[in-house]
Each structure stands twice: as C-alpha cells, then as structure tokens.
Amino acid sequence: MESSKDEYLPREIKLLVIHCSATRCNVRFSVEQLRECHLQRGFLDIGYHFYITRDGVLHHCRPISEMGAHVRGFNRHSIGICYEGGLNEDGKPADTRTAAQRFALIDLLTILRHQYPEAQIAGHYQLSASIHKACPCFDPRKEYSEL
Ligand SMILES: [Zn+2]
C-alpha cells in the first residue's frame, strides 16, 4: 500500500465560484501575468482552479484536489473559475465575456455540475453580503440556472 494515498480524502465540493480578473477588456491579461500577480500576492500559484482567456482557452491552474485561494471563507469546499476581463475600456465593471469565453464557461460548468451534482454555481459577489465587489460582473445563478 502507498502510505501517501492512505490519507487521501477528496475535498467535498459545494460551490463553483465564478470570478473575473477585473482587468480591462482591451488589455491582455495572460495566464502567465495572472500567475505572476498571484505569486507576488504570496500565493503558491494561481488562486483559481481554472482561467479562461478572451480567446476561450481553458487554462488548468491548480488541481481540483487542492484548495484554491479565491474567496475568503469559502475556499475549502469550492472550485474557483475566472474569466479574463470584467472591466470595460474605461475601467468600469462590465460583462466583457467574448462568445468564446461564454462557450468555454458553459462547457466547463456542465462538466463540473456532472462531476459534482451537489455543487451550486455562484458569482463571487453572491456569496456574502460583506463582499462589496462586482465580480464577476454578471449573474451566474440566473444565467446557469438550467445547468
Ligand atoms: Zn472574484
């Protein structure tokens, strides 16, 4: 028997939390830039599990088995998903998702809802009344209520 696997217990996933990178839609924010930003904040790696860039590419940032660092108080039982953007060209909160990002998000959420049927989909701002952020700049509960 492998001792390291004896102690392994999968995390219970109760929430699929959607975020935006809070960067302007006309300014590129690559997965490498995101990693650099989060490392500077003292994280071990990107705090989200998934990052979807404007071209619709899904980047796997950390294994689901590992706890993320994306929403205070809810990291233990959640998966963090972030899309590139969330601010318009003037820096104001806006749903800047491209069609490719919308498709990638639905694909990913469909798979995760299948894997974790008990998990609820929510936007960062919807988790607590004390979160005063627009993130992710749309209403995931409403938009993905059919998933
Ligand atoms: Zn967020």
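Here the structure is a predicted model, which means the values were calculated and not measured.

A. Summary view of the layout of surface pockets. The computed volume of the largest pocket comes to approximately 520 Å³. Around the largest pocket sit 25 residues that line it, and Arg41, Tyr48, His70, His124 and Lys133 are the ones nearest its centre. If you list the elements that add at least two residues to the lining of the largest pocket, you get β1 (15–20), α2 (31–40) and β6 (86–87). Residue contributions to the lining of the largest pocket peak at three residues, all from α2. For the lining of the largest pocket, the per-class residue count stands at 15 nonpolar, seven polar and three charged.

B. Looking closely at the coordination of the zinc ion. Looking at the metal site, the zinc ion is ligated by His19 (ND1), His124 (ND1) and Cys135 (SG), spaced 2.0 to 2.3 Å from it. In primary-sequence terms, the residues that donate to the zinc ion follow H-x104-H-x10-C. Of this pair, His19 sits in strand β1 while Cys135 is found in the loop between β7 (120–123) and α4 (140–143), placing the two residues 116 residues apart along the sequence. What makes His19 buried here is its relative accessible area of 1%.

C. Main features of the nonpolar core. Ranked by size, the top nonpolar core spans 21 residues in total, and within it Leu16, Ile79, Ile81, Leu105, Leu109 and Leu112 carry the most contacts. Mapped by element, the contributors of at least two residues to this core are β1, β3 (50–52), β5 (78–83) and α3 (99–115). With near-sequence residues (within four places) excluded, Leu16 lies in contact with Ile79, Ile81, Leu109, Leu112, Arg113, Ala119, Gln120, Ile121 and Ala122. In terms of nonpolar packing, the next biggest core, distinct from the first, is built from eight residues, Phe29, Val31, Ile46 and Cys82 among them.

D. The arrangement of the sheet that holds β7 in detail. Read from one edge of the open sheet, five strands run β4-β3-β5-β1-β7, paired in mixed fashion. In this open sheet, the two strands that pair with only one neighbour each are β4 (58–60) and β7. On average, adjacent strands in this sheet sit at an angle of 25 degrees to one another, irrespective of strand direction. Relative to β4, β3 runs antiparallel, the two being bridged by three bridges. Along β4, the bridge assignment pairs Phe50 with His60.

Conventions used here
- Residues numbered from 1 in each chain as written.
- Predicted model: local features only at pLDDT ≥ 70, side-chain atom pairs only at ≥ 80, totals over all residues.
- Heavy atoms only, no water.
- 1 Å grid on protein atoms, 1.4 Å probe; cavity = no way out; pocket = protein on both sides within 12 Å on 5 of 7 lines; lining within 4 Å.
- Points joined across faces, edges and corners; volume = space filled by probe spheres on them.
- Helix = DSSP H or I, 4+ residues; strand = E, 2+ residues; numbered from the N terminus.
- Nonpolar A, V, L, I, M, F, W, Y, C, P; charged D, E, K, R; others polar.
- Donors = N, O, S within 2.8 Å, 3.2 Å for Na, K, Ca; no water.
- Buried < 20%, exposed > 50% of the residue type's maximum accessible area, 1.4 Å probe, protein only.
- Core = buried A, V, L, I, M, F, W, Y, C linked by side-chain atoms within 4.5 Å.
- Contact = heavy atoms within 4.5 Å.
- Pairing = 2+ DSSP bridges.
- Axes fitted to C-alpha atoms, helices over the stretch in contact; angles between N-to-C directions.

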